[in-house]
Amino acid sequence: MAVLALLMLGCAKKIVHCDGCGKEIKVPANSDTNEDWIILCDDCQAKLYENENP
């Protein structure tokens, strides 16, 4: 049971939101990421950088 509890703690997530589209993004619960950061989901990040690679 202790091992299971430790695994569950390692899998804990918190929700932040994409500043581009509002989509929920799951980050590790122990991350210092919060809503004050500028956060983009994978789709919005791809749109932002689509013209970067010639």
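Reference entry: report on the structure contained in this document. As the structure is a computational prediction, the values presented were derived from the model and not from experiment.

## What about the pairing of strand β1 (residues 13-17)?
- With five bridges connecting them, β1 and strand β2 (residues 24-28) associate as antiparallel partners. Residue pairing in the sheet places I15 in a bridge with K26 of β2.
- Between the end of β1 and the start of β2, which pair antiparallel, lie six residues, with G22 showing a positive phi angle near 90°.

## Comments concerning the side chain of T33
- With respect to the secondary-structure elements, T33 resides in the loop between β2 and α2 (42-49).
- Here S31 takes part through its side chain, which lies 2.8 Å from a polar atom of the side chain of T33.
- Residues contacting T33, with those up to four places away along its chain left out, are K14, V16, V27 and I39.

Rules used throughout
- Residues numbered from 1 in each chain as written.
- Predicted model: local features only at pLDDT ≥ 70, side-chain atom pairs only at ≥ 80, totals over all residues.
- Heavy atoms only, no water.
- Pairing = 2+ DSSP bridges.
- Helix = DSSP H or I, 4+ residues; strand = E, 2+ residues; numbered from the N terminus.
- Polar contact = N/O pair within 3.5 Å; in protein donor to acceptor, adjacent residues only side chain to side chain.
- Contact = heavy atoms within 4.5 Å.

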